Amino acid sequence: MDSFDLIVIGGGCNGTGIARDAALRGLKVLLLEKNDFASGTTGASSGMIHGGPRYLMHEVGITKMACHDAGHILKIAPHLVFRIPFLVPVLKKDDPSLVAKIRLELVETFFELYDHYSPLKGGKIHTRLSTEEVKQLEPSLDPDVIGAITFDEWGIDTHRLCVANALAAKENGAVVFNHTEVLSLLKEGKSIVGVLAKQFVTGEEKEYYGKIVFNATGPWAPRLAGMAGVSVKLRPAKGIHLIFDRRLTNMAIVAKCIDGRQIFINPHENTTLLGTTDDDYYGDLDNIPVTEDEIEYLLQAIETVYPEIRKARILSTWRGVRPTLYQDDRYEDNLSREHEVFDHEKNERVSGFLSMAGGKLSSYREMAEEATDLVCKKLKVIAVCQTHLVPLPGGESLPDPHALAQKFKLDPYAARRLVYRQGQKAEEILEKAKPDPEGAQILCPCEPVMKMEVRHVVQEEWAFTLSDICRRTRLGQGPCQGALCLVPAVSCLREERSLTMTQVVDELKETLEQGWRGRRVILKGTQLAQEEINQTIYKGVLRVSEWGGDQ
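Residues numbered from 1 in each chain as written. Predicted model: local features only at pLDDT ≥ 70, side-chain atom pairs only at ≥ 80, totals over all residues. Heavy atoms only, no water.

J.: Where do I start with the packing of aromatic side chains in this structure?
T.: Each aromatic ring pair is summarised here by two numbers: the centre-to-centre distance and the angle between the ring planes. Summed over the entire model, instances satisfying the criterion amount to 10 aromatic pairs. Arranged with centres 5.4 Å apart and planes meeting at 70°, the rings of Phe37 and Trp462 form a pair that is edge-to-face. A residue pair is termed long-range when its members are at least 10 positions apart, and Phe37 in the loop between strand E2 (29-32) and helix H2 (60-76) and Trp462 in the loop between helix H13 (451-460) and helix H14 (466-473) qualify at 425 residues. The exposure classification of Phe37 matches that of Trp462, with both residues buried. Feature note: the residues Phe86, Phe110, Phe111, Tyr114, Phe151 and Phe264 constitute an aromatic cluster, connected by ring pairs. We note Lys28 situated over the ring of Phe4; from NZ or CZ to the ring centre the distance is 5.3 Å. Sitting above the plane of the Tyr326 ring, Lys233 keeps its charged end 4.1 Å from the centroid. (Phe/Tyr/Trp six-rings, centres within 6.5 Å; stacked < 30°, edge-to-face > 60°. Helix = DSSP H or I, 4+ residues; strand = E, 2+ residues; numbered from the N terminus. Buried < 20%, exposed > 50% of the residue type's maximum accessible area, 1.4 Å probe, protein only. Lys NZ or Arg CZ within 6 Å of the ring centre and 35° of its normal.)

So this is what it looks like as structure tokens:
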């Protein structure tokens, strides 16, 4: 019988964060994720560990906590974090000239307050820019701009962050499974004592016993809580992002929507994100749609400050659901970003089962610490949190990309991107590639991923499917949308896992179907042309049928 101190269900930032914290404290941990790490809410976020200045108006504690924890994340995962300078423009067309000038003063006064918290996360304090300075920084801005305020945030690759936390948990003794769904909870009277789970890779069903089962499934938390006979009440909020084919701007630009909500366009790695919406959601959490109305809502807002946006090519969409805590009589955008750890023994007399919901990505480490503190208290274990001190795998030290490029005769940009994703492990991966004549082969010009990196994520990072590989490396996320790189990537997967040709085709079909769901609502112009090229390549040449269908 497999028995653990703690079974964590959910492989997003909260679940992997809790598993890492608990393993570092010496607990025997099992982490289960039904799909892949960060494949749900975490992976659909804006990819920022930001302080959230807008919460200063009503929830100062959230801003302070987020900035404080963002500072810790910057130190433990320096390779994964990149600076995103924000720009808040003030336009003449929004108000009469005098009112616009007063508005600029008010915006600066607000960010003077944010300056008290920004240094906690290593951010620079705000700067006020003149019209000429704004146009020099961002020539594409609306010419009616009279000035702007800048402030700092940090971007991060959320998929890599969750994989790093899972790796850290494993390195400290945890057992980690993705593609493993909890079918039911094991009960003894009013106590939850374990889970029955199915591993989809092997088809095996197995019982695992644990002193505490922790529900870290985000918006799926009410469903899992229902299996335990308890309640977690949420008000799920749907958000979408549009992904553009390149970096359209040098800075993130804030805009106001027709209903007064703030959104932003954000340079993120080698693409640009535009988001996000915030709407109550009552639908299927495993099949979240994107509507034309949501796309138009975002485009209409951002073109008020970035008029050329409709000329840019939209690659795809991200969509996710926030596990927002339940509140009545509030507009969606005003819902609190507070989090809560639910002690079901205290409230509903069901022991051995805890849940967590709410919160923000930028506070995930501190939320995990709070959750693990409660676990240790219940298990009567005295152990201090170390997650703010111990680097995540890859973050121990950062190799010089230029030195690696010279040593291994690699393109400098490819070396830099490898260091970004893998940190200290980059040199280890390149050393593995030396005996393999094709190991340093670049599989795609959109995101220069080497064949050996694909092998590494399959061998060391639980990448069982082609989609897993894409999440860990960003293959297929650039302008080609997989047309140039999915076949060589799935060939690597075939070699590593000894797949049959039928399984190879199934992997391609599943990955293409996932991409289709994100793209079908935006297919027009050059994007439609690219889709037709992809369909020709895969359906015509490789005979991959039943992709996209008549949806």
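J.: Just checking my understanding: could you explain the packing of helix H12 (residues 425-433) against H13 for this structure?
T.: When two helices pack together, their arrangement is given by the angle between their axes and by how far apart the axes lie. One can describe the packing of H12 onto H13 by two numbers: an axis separation of 9 Å at closest approach and a directional angle of 110°. Considering their axes alone, H12 and H13 lie roughly perpendicular with respect to each other. For the pair H12 and H13, the contacting residues are Lys425, Glu428, Ile429, Lys432 and Ala433 in the first and Met452, Glu453, His456, Gln459 and Glu460 in the second. Broken down by class, the residue content of the contact of H12 with H13 amounts to 3 nonpolar, 2 polar and 5 charged. (Axes fitted to C-alpha atoms, helices over the stretch in contact; angles between N-to-C directions. Parallel < 35°, antiparallel > 145°, perpendicular 65-115°, else oblique. Contact = heavy atoms within 4.5 Å. Nonpolar A, V, L, I, M, F, W, Y, C, P; charged D, E, K, R; others polar.)

J.: Looking at this structure, how should I read the environment of Val90?
T.: Checked against the element boundaries, Val90 lands in strand E3 (residues 81-91). Note on Val90: relative accessible area 0%, which makes it buried. Between the alpha carbons of Val90 and Pro448 there is a distance of 38 Å; along the sequence they are 358 residues apart. For Val90, the contacting residues outside a window of four places in its chain are Ala100, Arg103, Leu104, Val107, Asp144, Val145, Ile146 and Gly147.

J.: Explain the side chain of Lys360 to me, please; I cannot follow it from the model alone.
T.: Looking at where Lys360 falls in the secondary structure, it is placed in the loop between strand E17 (353-358) and helix H9 (364-379). In this structure Lys360 is buried but unpaired, with Glu153 as the nearest side chain of opposite charge at 7.6 Å. Among the polar contacts listed, one links the side chain of Lys360 to the side chain of Ser362, at a separation of 3.0 Å. Not counting chain neighbours up to four residues away, the residues in contact with Lys360 comprise His50, Gly51, Gly52, Tyr55, Ile62, Ala66, Arg337 and Met367. (Lys, Arg positive; Asp, Glu negative; His and termini not counted. Salt bridge = Lys/Arg side-chain N within 4 Å of Asp/Glu carboxyl O. Polar contact = N/O pair within 3.5 Å; in protein donor to acceptor, adjacent residues only side chain to side chain.)

J.: Before we go on, may I ask you to explain the packing of H14 against helix H16 (residues 501-519) in this structure?
T.: It is the contact of H14 with H16, at a shortest axis distance of 8 Å, that shows an interaxial angle of 55°. When the axes of H14 and H16 are compared, the pair comes out oblique. Where H14 approaches H16, its residues Leu466, Ser467, Cys470 and Arg471 are matched on the opposing element by Glu507, Leu508, Thr511 and Gln514. Its residues assigned to classes, the contact of H14 with H16 shows 3 nonpolar, 3 polar and 2 charged.

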